[in-house]
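Okay, here's what each chain looks like letter by letter:
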Amino acid sequence: MSNFQKAGYVAGNAGKNLLRTPGVWSSGMLIFLLGIITYCGVNGFYLLEHWYQEIVTTAAENNETTGSLIQMIQTPLLPIRLFQGLAMLVILCAGVLLIAYCHRIFRLFAMTQRADFKIMSLIGERTEIISIEFALQSIYFIGCLLVGSSIGSHLLYWFVLAPEVCRTVFITFPAMVWQLFAWHFAFFLLAAGYLFFRLFLYVRRYLWSWFDNLLSES
């Protein structure tokens, strides 16, 4: 089997094992809600930053006119920064909770798949491949849910939370999705990278300890 075929087999097997894991759908609902809260915070932070930069730019353009100093003092720069701080607090709290909860449930999922880990080891599969296959399940899981959460947060802002502001800043919904893509994708990379490496190490340590116990009993 070539490396490409092996990678395809591992990726496909990870998806099948994830779908048949008990409790995956109910756990996904909470992750989805936390993702919407996190991304709503991201969108709010972006819109506040856009408003702040717009005010500063306008004041700078009027720098030579009379009363520009009074205008700078009267602009709501401090309240904008305060609300940005609140938005960042929401992002941090919801984002950390999302990652921590996802890590916890996948450690529970690993317990339900321990028999599969042992069988794969006994038939000659490498420990690293088994660990990668399980860690890939978290990438599939959080990837699908965060994509849905991202779209959901955009729809909430576009139709419910700030429709006029969004239409003024972004003009069209696809433009909104595109301009906020980098912000949303950065959080996905952070969450996915953390979960992948933590779960990879967790399964590998478990299999090593199981091998040690087998050697000690023999």
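Residues numbered from 1 in each chain as written. Predicted model: local features only at pLDDT ≥ 70, side-chain atom pairs only at ≥ 80, totals over all residues. Heavy atoms only, no water.

Q: Give a description of the overall build of the protein that names residues and reports values.
A: Along the backbone of the protein there are nine helices and zero strands. Going from N to C terminus, the protein has its helices and strands arranged as α-α-α-α-α-α-α-α-α. In the protein, which comprises 218 residues, the share counted as buried stands at 42%. Across the protein, the fraction of contacts at a sequence separation of at least 24, relative to all contacts at a separation of at least 6, is 83%. Accessible surface, the protein as shown: approximately 12600 Å² in total, 70% of it carbon and sulfur. (Helix = DSSP H or I, 4+ residues; strand = E, 2+ residues; numbered from the N terminus. Buried < 20%, exposed > 50% of the residue type's maximum accessible area, 1.4 Å probe, protein only. Contact = heavy atoms within 4.5 Å. Areas by Shrake-Rupley, 256 points an atom, 1.4 Å probe, with all protein chains shown as cover.)

Q: Go over the environment of Leu-156, please, and point to the residues and values.
A: Tracing the chain through its elements places Leu-156 in helix H6 (residues 127–161). Along the chain, Leu-156 and Cys-40 lie 116 residues apart, while their C-alpha atoms are 8.2 Å from each other. Contacts of Leu-156, omitting those with residues within four sequence positions, involve Ile-36, Cys-40 and Leu-161.

Q: Give a detailed account of helix H5 (residues 114–122), specifying residues and quantitative values.
A: Among the residues making up H5, those that are buried are Phe-117, Met-120 and Ser-121. The arc that holds the buried residues of H5, viewed along the axis, is 100 degrees, so those residues lie on one side. Where H5 terminates, the next one or two residues include Gly-124, which has phi positive at roughly 105 degrees. (Arc of directions from axis to C-beta.)

Q: Describe unusual backbone geometry, listing the residues and the values that go with them.
A: Residues other than glycine predominantly adopt negative phi, and peptide bonds predominantly adopt the trans conformation. A positive phi angle is found at Ile-171, which is not glycine, with a value near 75 degrees. Within the element layout of this structure, Ile-171 appears in the loop between helix H7 (163–169) and helix H8 (173–179).

Q: Help me get a handle on the side chain of Gln-84, residues and values and all.
A: Structurally, Gln-84 can be placed in helix H4 (residues 77–112). A relative accessible area of 3% means that Gln-84 is categorised as buried. Not counting residues up to four positions away in its chain, the partners in contact with Gln-84 are Phe-45, Leu-48 and Glu-49.

Q: Residues and numbers for the pattern of salt bridges, please.
A: Under the definition given, this model contains two salt bridges. A salt bridge links Arg-20 to Asp-116, with the shortest nitrogen-to-oxygen separation between them at 3.5 Å. Of this pair, Arg-20 sits in the loop between helix H1 (3–19) and helix H2 (24–61) while Asp-116 sits in helix H5, and the two are 96 residues apart along the sequence. Residue classification places Asp-116 among the partly exposed positions, given a relative accessible area of 27%. (Salt bridge = Lys/Arg side-chain N within 4 Å of Asp/Glu carboxyl O.)

Q: Quick rundown of the packing of H5 against H6? Include the residues and the values.
A: Direction vectors running N to C along H5 and H6 enclose 150 degrees, while the axes themselves pass 10 Å from each other. Where H5 crosses over H6, the two elements pack in a sense that is right-handed. In this structure, H5 contributes Phe-117, Met-120 and Ser-121 to the contact, and H6 contributes Ile-130, Glu-133 and Phe-134. Taken together, the residues of the contact of H5 with H6 break down into four nonpolar, one polar and one charged. (Axes fitted to C-alpha atoms, helices over the stretch in contact; angles between N-to-C directions. Left-handed = near helix turned anticlockwise from the far one by under 90°. Nonpolar A, V, L, I, M, F, W, Y, C, P; charged D, E, K, R; others polar.)

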